[in-house]
Amino acid sequence: MPYVITQTCCSDATCVAVCPVNCIHPTPQERAFGSTEMLHVDPAACIDCGACADACPVDAIHPADELTDAQHVFVEINAAYYAGRPTPEPAAGSPNFHAWDEPAFGRTLPADFPALRIAVVGTGPAGMYTAQDLLLHTSAEVTLIDRLPVAGGLVRYGVAPDHPTTKKVGETFARFHAHPRVRMLLGVRAGEDVTVEELAAHHDAVVYAVGASGDRRLGIPGEDRTGSLSATTFVAWYNAHPDVAPDAVDLSAERVVVVGNGNVALDVARILVADPDTLAATDIADHALRALRGSSVREVVLLGRRGPEDAACTRPELLALTRLAGVDLVVDDHDPRTAAAIDAAGPDGIAAVLRDVPRTAVDWSRPAGPGRRIVLRFHSAPGELAGDDGTAAIRSVRVTGAAGQTEIPAGMVLRAIGYRGTPVAGLPFDESSGTVPHENGRVTGLPGAYVVGWIKRGSRGGIGANRACAAETVGTLLSDAVAGDLPRPTLSSKAFARLARRRGRHVVDARGMASIEQAELSRGRRLGRPRSKLATLPELVKAARRG
């Protein structure tokens with residue numbers, strides 16, 4: 001029975017490396033890698049060895065005969081990827097039974113290559129893939145730095161709580177926190193507590209993996225009214241990010257409009273209408289769980305500027321939306337182009353996922369119904385967030401489309417149109433793209449400085465995309481080191497640790513991080529939950545000091 005890759009695939013290609021018969025594609029050497037939504041197992045070539053399932057960091061690979069009813073569609077998705085594709089044959093006379101790419105050796109270092117001292121700023125997936133590459137393939141000493149007193153980045157604060165298997169990649173990264181060549185300095189703000197110049201003076205190279213903590217704006221009237229929030233804020237709120245107060249979100253509205261239809265927009269919609277008892281079995285923030293238990297939200301409207309054929313989400317995430325227990329999913333049939341695109345979609349088209357979803361012309365003059373519902377409305381863009389005279393709060397969204405303007409009553413609007421990088425003092429910054437200018441990860445005009453992840457390439461690509469991104473940056477860094485192009489540090493890493501502790505008010509090390517982990521798991525056990533996150537800086541620092 002072949003193995004099947006399912007919804008939570010992170011596409012980091014760990015499975016590709018361990019497959020003995022080269023039956024998982026696209027591989028990192030193939031053009032389609034990075035542009036497909038997920039990787040796929042060839043059912044005709046799979047030998048049922050299970051090596052890929054053992055290596056998968058997010059538990060996305062299972063034998064076909066062990067899939068749940070909801071997962072069984074991925075048997076067809078995996079097989080469809082290979083339908084009509086020619087099967088590559090091994091070269092004549094080859095001892096292999098399967099076709100293989102030419103071997104590549106991406107880390108060829110001189111025998112006398114010295115141990116580098118490298119700082120990695122950011123402990124999310126991009127930073128940790130970078131650290132992993134350096135620790136596994138070189139003798140480098142790595143200093144992990146993060147502005148928060150707890151590690152994890154996007155895995156901890158960006159992944160939706162109802163995706164626990166995706167969060168398991170954090171376990172892969174956590175094994176490096178206590179690595180003998182790693183020093184952790186959490187709660188240190190690069191560019192503020194320590195300058196870019198000070199980081200460079202203590203390390204051979206500095207890799208900035210600071211992500212994209214900002215958000216894109218709509219640029220429409222009323223955007224700053226009460227009740228208008230970014231999805232960035234909402235995601236941080238339900239994930240217990242200390243930057244967002246527990247009372248930052250008001251769920252008293254019956255209808256919420258989410259602008260955008262990417263994966264983050266779907267996450268937000270799903271959490272808003274999810275059964276709180278189901279969410280109680282996750283690591284959702286305690287304050288968010290309490291708010292959702294008392295929530296008035298019954299309907300979430302997802303606005304897409306283009307048609308269903310161009311939806312920004314992935315097929316697996318849209319499939320999951322069609323199977324939410326106790327939640328109706330409907331397509332607003334206000335524009336004839338929507339139904340036409342769904343009916344004409346081929347089997348690989350994302351619009352085909354919506355073929356069996358009910359379509360209706362929604363009457364927006366009526367209040368949200370008694371049940372829970374998600375409405376997909378395509379070919380629509382918000383034109384104004386309107387409110388009653390004399391108030392600063394949202395009362396409705398004026399939406400423009402081919403048929404003119406439509407007024408959708410709503411008490412909250414969440415913009416989910418993309419994350420955006422923010423500047424780091426001392427680094428160059430491109431305002432138009434929200435990234436640091438670079439060449440293959442090397443920061444322009446700043447020898448010894450490198451970038452990786454969303455601050456390098458923009459807010460595109462999921463967790464696994466950072467593995468290839470980190471490999472490119474580390475390759476550039478090591479090439480510069482071999483060529484003698486790295487500036488020599490004038491001070492030691494121990495001196496930097498002393499400096500960081502003087503500048504940072506509450507610096508947390510690996511022992512403190514382990515203490516936070518134990519505290520959250522203990523809190524969770526008392527509440528009958530897998531974990532209860534500490535949601536404020538004082539709580540995190542206090543737990544770290546107990547260790």
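In short, a report on the structure. Note that the structure is a prediction, hence the values are computed from the model and not measured.

For the rest of this paragraph, the subject is the sheet that holds strand S18 (residues 404-409). Strand order in the open sheet formed by three strands is S16-S17-S18, and the pairing between neighbours is antiparallel. One side of each edge strand has no neighbouring strand; the edge strands of this open sheet are strand S16 (381-386) and S18. With direction set aside, neighbouring strand axes in the sheet form an average angle of 25°. Pairing of S16 with strand S17 (residues 396-401), which is carried by five bridges, proceeds in the antiparallel orientation. Counterpart to Ala-386 in the pairing with S17 is Ser-396.

Sheet topology places S17 next to S18; six bridges connect them, and they run antiparallel. In the sheet register, Val-397 faces S18, and the bridge partner there is Ile-408.

Once that is clear, we can look at the sheet that holds strand S12 (residues 299-303). The strand order across the open sheet built from seven strands is S10-S19-S11-S12-S15-S13-S14, with neighbouring strands paired in parallel fashion. Here the strands that pair on one side only, and so sit at the sheet edges, are strand S10 (228-230) and strand S14 (359-360). Taken together, the five bridges between strand S11 (residues 255-259) and S12 define a ladder with parallel strand orientation. Bridge assignment links Arg-255 to a residue of S12, and that residue is Glu-299.

With that out of the way, let us pick up the side chain of Thr-476. Structurally, the position occupied by Thr-476 is in helix H16 (residues 465-482). Exposure remark for Thr-476: the relative accessible area of 9% places this residue in the buried category. A polar atom in the side chain of Thr-476 sits 2.7 Å from the backbone oxygen of Asn-440. Excluding residues that lie within four positions of it along the chain, Thr-476 makes contacts with Glu-439, Asn-440, Arg-442 and Tyr-450.

The rules behind these values
- Residues numbered from 1 in each chain as written.
- Predicted model: local features only at pLDDT ≥ 70, side-chain atom pairs only at ≥ 80, totals over all residues.
- Heavy atoms only, no water.
- Pairing = 2+ DSSP bridges.
- Helix = DSSP H or I, 4+ residues; strand = E, 2+ residues; numbered from the N terminus.
- Axes fitted to C-alpha atoms, helices over the stretch in contact; angles between N-to-C directions.
- Buried < 20%, exposed > 50% of the residue type's maximum accessible area, 1.4 Å probe, protein only.
- Polar contact = N/O pair within 3.5 Å; in protein donor to acceptor, adjacent residues only side chain to side chain.
- Contact = heavy atoms within 4.5 Å.

That's the geometry; what it means functionally is another story.
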